[in-house]
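# Residue-level structural notes
Here are the chains, one letter per residue:
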Amino acid sequence: SMASQRQLTEFTTLQGHQERVWNVKWHPEAKVLASCSADKTIRIWNYESDKFVCTAILADGHSKSIRSVDWDPTGKVIASASFD
C-alpha cells in the first residue's frame, strides 16, 4: 500500500524541557507547536527562519506533570491536563 512505502524523516529536535515530553500539538492555523512535559510547563514553539524557537513558557498553571495539551479550533486557547 501507499502508506507502507512512505519514509519518515526527523525534521528537528526541540530542546528546552527539563523532563520528558508527554505531548506535542500543531496549532490549527499557524506554524506553531505546543508541547507539555513532566517539568510542569507548556512551551510554545514558533517556526521562524527555518527552525522552531521557544517563544513562551507557561509555568504557573499546574503543580504536577502535564500529560496532554491541545489548541481550541481557533488557536487562541490552549487546554491542558495534569495529575494535579
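Now for a look at the structure at hand. Please read these numbers as outputs of a predicted model, since none were measured by experiment.

## Some words on the environment of H62
Mapped onto the elements of the fold, H62 is located in the loop between β4 (51-58) and β5 (66-71). The spacing of H62 and A81 is 19 residues in sequence and 8.7 Å in space, taken between C-alpha atoms. Contact partners of H62, with chain neighbours within four places excluded, come to K40, S80, A81, S82 and D84. One polar contact links H62 to S80, side chain to side chain, over a distance of 2.7 Å. A polar atom in the side chain of H62 sits 3.0 Å from the side chain of D84.

## Thoughts on the nonpolar core
Residues V32, A34, C36, I42, I44, I66, V69 and W71 constitute the largest nonpolar core, which totals eight residues. Listed by contribution, the elements that provide at least two residues to this core are β2 (32-37), β3 (42-48) and β5. In this structure, C36 is in contact with H17, V21, W22, N23, T41, I42, I66, R67, S68 and V69, ignoring residues within four places of it in sequence.

## Remarks on the packing of aromatic side chains
Scanning the entire structure with this criterion turns up four aromatic pairs. Between F11 and Y47, the ring centres sit 6.0 Å apart and the planes meet at 45°, which makes this aromatic pair tilted. Taken together, the residues F11 in the loop between α1 (2-5) and β1 (21-26) and Y47 in strand β3 connect sequence positions 36 residues apart. Relative to F52, the ring of F11 lies with its centre 6.5 Å away and its plane at 85°, an arrangement referred to as edge-to-face. Of this pair, F11 sits in the loop between α1 and β1 while F52 sits in strand β4, and the two are 41 residues apart along the sequence. Judged by its relative accessible area of 56%, F11 is exposed. Ring pairing ties together the aromatic residues F11, W26, Y47 and F52, which thus form one cluster.

## Some points on the side chain of H27
For H27, the location among the structural elements is in the loop between β1 and β2. H27 sits in the buried class, given a relative accessible area of 14%. At 2.9 Å, the side chain of H27 and the backbone nitrogen of E29 are in polar contact. The contact partners of H27, leaving out residues within four places of it in the chain, are V32, W71, T74 and G75.

Cut-offs used in this document
Residues numbered from 1 in each chain as written. Predicted model: local features only at pLDDT ≥ 70, side-chain atom pairs only at ≥ 80, totals over all residues. Heavy atoms only, no water. Helix = DSSP H or I, 4+ residues; strand = E, 2+ residues; numbered from the N terminus. Contact = heavy atoms within 4.5 Å. Polar contact = N/O pair within 3.5 Å; in protein donor to acceptor, adjacent residues only side chain to side chain. Core = buried A, V, L, I, M, F, W, Y, C linked by side-chain atoms within 4.5 Å. Buried < 20%, exposed > 50% of the residue type's maximum accessible area, 1.4 Å probe, protein only. Phe/Tyr/Trp six-rings, centres within 6.5 Å; stacked < 30°, edge-to-face > 60°.

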